[in-house]
Amino acid sequence: MSTFKAVILVGGPSRATRFRPLSLDVPKPLFPVAGAPVVSHHLRALSKVDGLKEVLIVGFFEDNVFSRFVDDAATEFPNLHIRYLREYQELGTAGGLYHFRDEILRGNPQQFFVIHVDIASAFPLNEMVEAHMKHRGLCTMLGTKVPREQATKYGCLVAKPSTNEVLHYVEKPDSFISDLISCGVFLFDTAVFGEMKKAIDRKKDSTEENDYLWTPSDDKLRLEQDLLRPLSEQHKLYVHVTENFWRQIKTAGSSIPANAAYLELIKKESPEKLAQSKPEGPEIIGAVYIHPSAHVDPTAKIGPNVSIGPRVTVGKGVRIKDSIILDNVQLGTASCVLHSVIGWNSKIGKWTRVEGSPASDHNIDMMKNGVKSQSITILGKEVLVADEVIVRNCIVLPHKELKSSFHSEILM
């Protein structure tokens with residue numbers, strides 16, 4: 001039986017600026033989606049791969065950021081040995097892999113997964129292994145089809161239909177190439193480190209030609225541009241196309257469709273983890289996660305696609321739909337929360353409405369031509385919203401008190 005390892009690339013604190021204001025209090029990899037941190041969903045999928053025993057989380061956050069999570073994950077996934085490895089500086093998406101190659105190769109695994117943290121997916125990893133064993137190229141990447149108008153935002157690839165060999169790969173092309181994109185999930189043979197060494201040598205040669213000195217700060221090796229493209233040119237790159245759900249988690253608003261997708265997945269695989277409607281209430285519609293410590297009034301109506309965190313209080317007659325309610329939030333009587341993220345320790349008044357706009361693409365920028373884009377409403381940590389107020393299509397930074405209604409604004 002083949003032995004595997006996995007690496008989850010989590011980036012660092014200088015990233016995730018588009019995830020603000022939520023990332024001001026919790027780094028994006030640890031933000032709760034469908035009742036669990038984003039990175040937990042990756043671990044759950046990896047725990048189902050036969051022969052995979054160790055997962056390395058690689059990034060340049062401080063060690064203490066992940067220490068508690070790693071301890072909790074070790075309890076939740078006892079079959080996985082999980083460690084956090086901190087880069088001494090930002091090395092690029094492939095640079096971190098090459099820097100920690102001895103850790104990855106320890107125990108002589110034959111293949112290893114590499115997964116970007118900022119995605120939500122059903123992660124068909126066992127199917128990827130099956131596909132990889134048939135062609136035995138150096139890398140199998142997970143691919144999916146997206147609408148033509150969105151394709152240029154991603155790494156696009158052209159594949160041979162009969163063999164799934166990737167003939168051409170371009171990261172975020174200027175013009176349309178293909179609607180088949182990279183999902184940010186890869187399965188590599190360990191021989192790929194030889195290709196990484198060649199890529200580093202190529203970068204050295206190009207800098208020497210330009211009369212620049214090779215310094216450690218130039219040691220950024222990018223997975224997509226510096227490694228995958230040469231692999232496709234050498235006929236060593238293949239794609240496994242999935243029709244299961246896939247979402248990118250770039251902006252704070254993109255947490256809502258990711259939440260919905262994971263809740264639907266849990267509903268299929270482990271429905272007992274979700275809330276069920278009971279005759280005595282509350283009324284539950286569709287896939288809804290409610291933390292055991294939350295208190296929900298029996299007259300509330302919740303769902304679909306709602307996650308309610310620890311110690312939340314949901315008052316009488318409250319309506320929640322397509323939203324994430326974070327820890328210790330209080331929702332007053334007859335309040336309404338739609339298409340929104342309500343930050344930690346926030347309080348929503350009685351008869352108050354907090355509402356966002358459902359958007360087809362949640363990774364759009366906050367502002368467009370100086371105007372707030374139509375998207376999810378987000379309240380940062382400890383936001384107080386008065387009674388009988390409407391907050392629509394707004395982003396509210398932490399520790400604000402809203403005593404009147406606001407529409408399409410960023411409230412600093």
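What counts and what doesn't
Residues numbered from 1 in each chain as written. Predicted model: local features only at pLDDT ≥ 70, side-chain atom pairs only at ≥ 80, totals over all residues. Heavy atoms only, no water. pLDDT = per-residue confidence, 0-100. Contact = heavy atoms within 4.5 Å. Helix = DSSP H or I, 4+ residues; strand = E, 2+ residues; numbered from the N terminus. Buried < 20%, exposed > 50% of the residue type's maximum accessible area, 1.4 Å probe, protein only. Pairing = 2+ DSSP bridges. Salt bridge = Lys/Arg side-chain N within 4 Å of Asp/Glu carboxyl O. Axes fitted to C-alpha atoms, helices over the stretch in contact; angles between N-to-C directions. Left-handed = near helix turned anticlockwise from the far one by under 90°. Nonpolar A, V, L, I, M, F, W, Y, C, P; charged D, E, K, R; others polar. Arc of directions from axis to C-beta. Lys, Arg positive; Asp, Glu negative; His and termini not counted. Polar contact = N/O pair within 3.5 Å; in protein donor to acceptor, adjacent residues only side chain to side chain.

## Side note on the confidence of the model for the chain
In low-pLDDT regions, the fine details of the predicted coordinates are not to be read closely. On average, residues of the chain carry a pLDDT of 89, and 92% of them reach 70 or more. In this model residues 211-217 is a low-confidence stretch, pLDDT under 50, and it forms nine contacts with partners more than four residues away in sequence or in other chains.

## A short note on unusual backbone geometry
Residue Arg-20 is joined to Pro-21 through a cis peptide bond whose omega torsion reads 5°. Of note, Pro-21 is situated in the loop between strand E1 (4-11) and strand E2 (32-33). Pro-304 follows Gly-303 through a cis peptide bond whose omega is 0°. One can find Pro-304 in the loop between strand E17 (301-302) and strand E18 (306-308). Of note in the backbone geometry, Asn-393 takes a positive phi value of approximately 55° without being a glycine. Taking the relative accessible area as the measure of exposure, Asn-393 reaches 0% and is therefore buried. The backbone phi angle of Ser-408 is positive, close to 55°, even though this residue is not glycine.

## Digging into the pairing of strand E11 (residues 180-189)
Two faces belong to every sheet, and in a regular strand the side chains alternate between them. Counting buried residues in E11 gives 10 out of 10 residues, a clear majority hidden from the surface. Bridge count between strand E6 (residues 111-116) and E11: five bridges; the pairing is antiparallel. Residue Ile-115 lies in a different strand from E11, and its bridge partner there is Val-185. The sheet contact formed by strand E8 (residues 139-145) and E11 spans six bridges and is antiparallel. From the neighbouring strand, Thr-140 faces E11, where its bridge partner is Leu-187.

## Observations regarding the sheet that holds strand E31 (residues 390-392)
Reading across the sheet, the seven strands line up as E14-E17-E20-E23-E26-E31-E34 and stay open at both edges, with parallel pairing between neighbours. At either end of the open sheet lies a strand with only one pairing partner, and these are strand E14 (283-284) and strand E34 (406-407). Inspection of the sheet shows E31 paired to E34 by two bridges, in the parallel sense. Its bridge partner being in E34, Val-391 is matched across the sheet by Phe-406.

## Observations concerning the pattern of salt bridges
By the definition in use, this model includes 15 salt bridges. The salt bridge partner of Arg-106 is Glu-103, with a shortest N-O separation of 3.4 Å. Residues participating in the shared-partner salt-bridge network are Lys-5, Glu-54, Arg-83, Glu-103 and Arg-106.

## Structural notes on the packing of helix H1 (residues 38-46) against helix H2 (residues 63-76)
Where H1 contacts H2, the axes come no closer than 12 Å and their chain directions differ by 35°. Here H1 and H2 pass one another in a crossing that is right-handed. Each of Val-39, Ser-40, Leu-43 and Arg-44 in H1 lies in contact with H2, whose residues at this interface are Phe-69, Ala-73 and Glu-76. Among the residues forming the contact of H1 with H2, the class breakdown is four nonpolar, one polar and two charged.

## Observations regarding helix H7 (residues 223-233)
Within H7, eight of the 11 residues are buried, leaving the element largely enclosed by the surrounding structure. Among the residues of H7, those classed as buried are Leu-223, Glu-224, Asp-226, Leu-227, Leu-228, Pro-230, Leu-231 and Ser-232. Where H7 terminates, the next one or two residues include His-235, which has phi positive at roughly 60°.

## Some remarks on helix H5 (residues 125-135)
Those residues of H5 not exposed but buried are Leu-125, Met-128, Val-129, Ala-131 and His-132. Across the axial projection of H5, the buried residues extend over an arc of 165°, all falling on one side. Along H5, the residues that are exposed and aim more than 90 degrees away from the buried face are Glu-130 and Lys-134. Where the residues of H5 are buried, they touch E1, H1, E6, E8, E11 and strand E12 (237-241). Positive phi shows up at Arg-136, right after H5, with a value of about 55°.

## Side note on the side chain of Asp-322
Residue placement: Asp-322 occurs in the loop between strand E20 (319-321) and strand E21 (323-325). No salt bridge is formed by the buried Asp-322. Its closest oppositely charged neighbour is Lys-321, at 4.6 Å. A polar contact of 3.0 Å, which involves the side chain of Asp-322, links it to the side chain of Asn-305. Residues within four places of Asp-322 in sequence aside, it is in contact with Ile-256, Pro-304, Asn-305, Val-306, Leu-338, His-339 and Ser-340.

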